[in-house]
Amino acid sequence: MRSPALRRTCTAAIASALALTGLAACGSGSEDSAGGKTQISVNCEPPKSAKIDRKSFEDDITAFEKANPTIDIVARDAFPCQDPKTFDAKLAGGQMENVFYTYFTDAKHVVDINQAADITSYVKNMKGYSDIQQSLRDVYTVDGKVYGVPRTNYSMGLLYNKKLFAQAGLDPNKPPATWEEVRAAAKKIAGIGKGYVGYADYSAQNQGGWHFTAEMFSQGGDVVTPDGKKATVDTPEGKAVLQNLKDMRWGDNSMGTKQLLILNDVQQMMGAGKLGMYISAPDNIPILVKEKGGKYEDLALAPMPGGKGTLAGGDGYMFNKKDTPEQIKAGLKWLEAQTNTPGSGLNNWKRASANKAPVGLPEPRLWTGATDSKDLALKKQYANVPVENYQPFLDGSQQLTLKLEPKNAQQIYSVLDGAVSAVLTKKDADIDGLLKDAQTKIDGILARG
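What comes next is a walk through the structure. (Residues numbered from 1 in each chain as written. Predicted model: local features only at pLDDT ≥ 70, side-chain atom pairs only at ≥ 80, totals over all residues. Heavy atoms only, no water.)

On to the packing of aromatic side chains, then. Across all of its chains, the model carries 8 aromatic pairs by this definition. Here Phe57 and Trp334 contribute two aromatic rings whose centre-to-centre distance is 5.8 Å and whose plane-to-plane angle is 75°, an arrangement assigned as edge-to-face. Within this pair, whereas Phe57 is found in helix H2 (residues 51–67), its partner Trp334 is found in helix H13 (residues 325–338), the two being separated by 277 residues in sequence. Accessibility classification places Phe57 together with Trp334 in one group, the buried group. Here the aromatic rings of Phe104 and Tyr140 are separated by 5.9 Å at their centres, their planes lie at 85°, and the arrangement is edge-to-face. A residue pair is termed long-range when its members are at least 10 positions apart, and Phe104 in the loop between strand S3 (99–103) and helix H4 (107–112) and Tyr140 in the loop between helix H6 (134–139) and strand S4 (141–142) qualify at 36 residues. Residue Phe104 shares its accessibility class with Tyr140, and that shared class is buried. Among the aromatic residues, ring-to-ring pairing joins Phe57, Phe64 and Trp334 into one connected group. A cation over an aromatic ring shows up here: Arg137 above the ring of Tyr129, its NZ or CZ 5.6 Å from the ring centre. (Phe/Tyr/Trp six-rings, centres within 6.5 Å; stacked < 30°, edge-to-face > 60°. Helix = DSSP H or I, 4+ residues; strand = E, 2+ residues; numbered from the N terminus. Buried < 20%, exposed > 50% of the residue type's maximum accessible area, 1.4 Å probe, protein only. Lys NZ or Arg CZ within 6 Å of the ring centre and 35° of its normal.)

Attention shifts here to the pattern of salt bridges. One pass over the structure, following the stated rule, counts 15 salt bridges. For Asp222, the salt bridge is made with Lys403, and the minimal N-O distance between the two is 3.0 Å. Separated by 181 residues along the polypeptide, Asp222 in the loop between helix H9 (207–218) and helix H10 (236–251) and Lys403 in strand S12 (residues 401–403) bring together distant segments of the chain. Looking at Lys403, the relative accessible area reads 22%, which means it is partly exposed. Where Lys329 meets Glu326, a salt bridge forms, and the shortest distance between an N and an O atom there is 3.5 Å. (Salt bridge = Lys/Arg side-chain N within 4 Å of Asp/Glu carboxyl O.)

No statement about biological role is implied by the geometric values presented.
Written out as structure tokens, the structure reads:
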């Protein structure tokens, strides 16, 4: 899962956290460095093992410091950029950088534990900030105050194999738009022959619950109420999700006999050319090509079936509560160049193409208006993947409601895993009973906070 959305709890292991990094307290508020420059520490520098990405990041720092001679960037590498096991302890132990990486689902939590600086009065001067999609800016806005800046975003869609669509007599340029159409297409693809699977879904390690949630969003449903206090899985939308999976698995035999699948299993099937469809974010595409044997020309992406909503996520940067005004200003200037300008930093598509990184994937889609148009034009200019394969996703996803993962997501997903795995492994699974049980258990989770 791209965004684990763990509801983190500060532990008593603060002392051990101080030994985790061996760094001096990065958020001390000190502005002094050689020559009286404003010094800021920033995390999420690519690791040394990622040589090309590391060099690009270092080149960006050099160029930024040349253009801004009064600012000194101190980069901290990390992989992954955030470790959920140590995140809270690092915050509480005073070890967090001045500008630090977070998942979207971290934002309110960091504010709630009083570890984020209020940047409301500063961000209005950040070039391009107002062009970022409002729904993404809202992620880092708590009680009317701004605490962070989005970096990238993603949403789920339907990843499908154009070659298998053609083989099954389906139009590869007209992907399924409804779950009824997904079911019909899956049955035809499974009919190609032994070993072919029309549609696959996760059902273990909380990933089944993650996809159940995404499929609920696509039907216009949700797994919890807007206030996060009650479960909403025992509903017509919840029943539709499980009934569709059960019908494809047992009625159509289009999901294969092997179940309790996780991400890697499904990627292996798709990369081997044996799977027709699964729901995914665009970031799966280069993995399927580079690691699983797939081909860019065979892989296409459509909006989430159902036409009502899609699970979305992403990441961004927040500011240490100890940052001085000058450090906040310097951090925003760095993010302006590194994450929020088409053609620069992470969005330097010319450089990415020269480095043979995939250019032309349909996300991130961070901005609106002229800034979005400029980014799309640069992607098109330097594209090295078949962008036409993703046009349906680009067109259709803009019409869907983007919904973030719920509070206590991993605990909720664990409960829903049981319901999904049951309908995929037991022909006589009682959908009504499964949903009623899941509803009760999730209510209990939410009641505990």
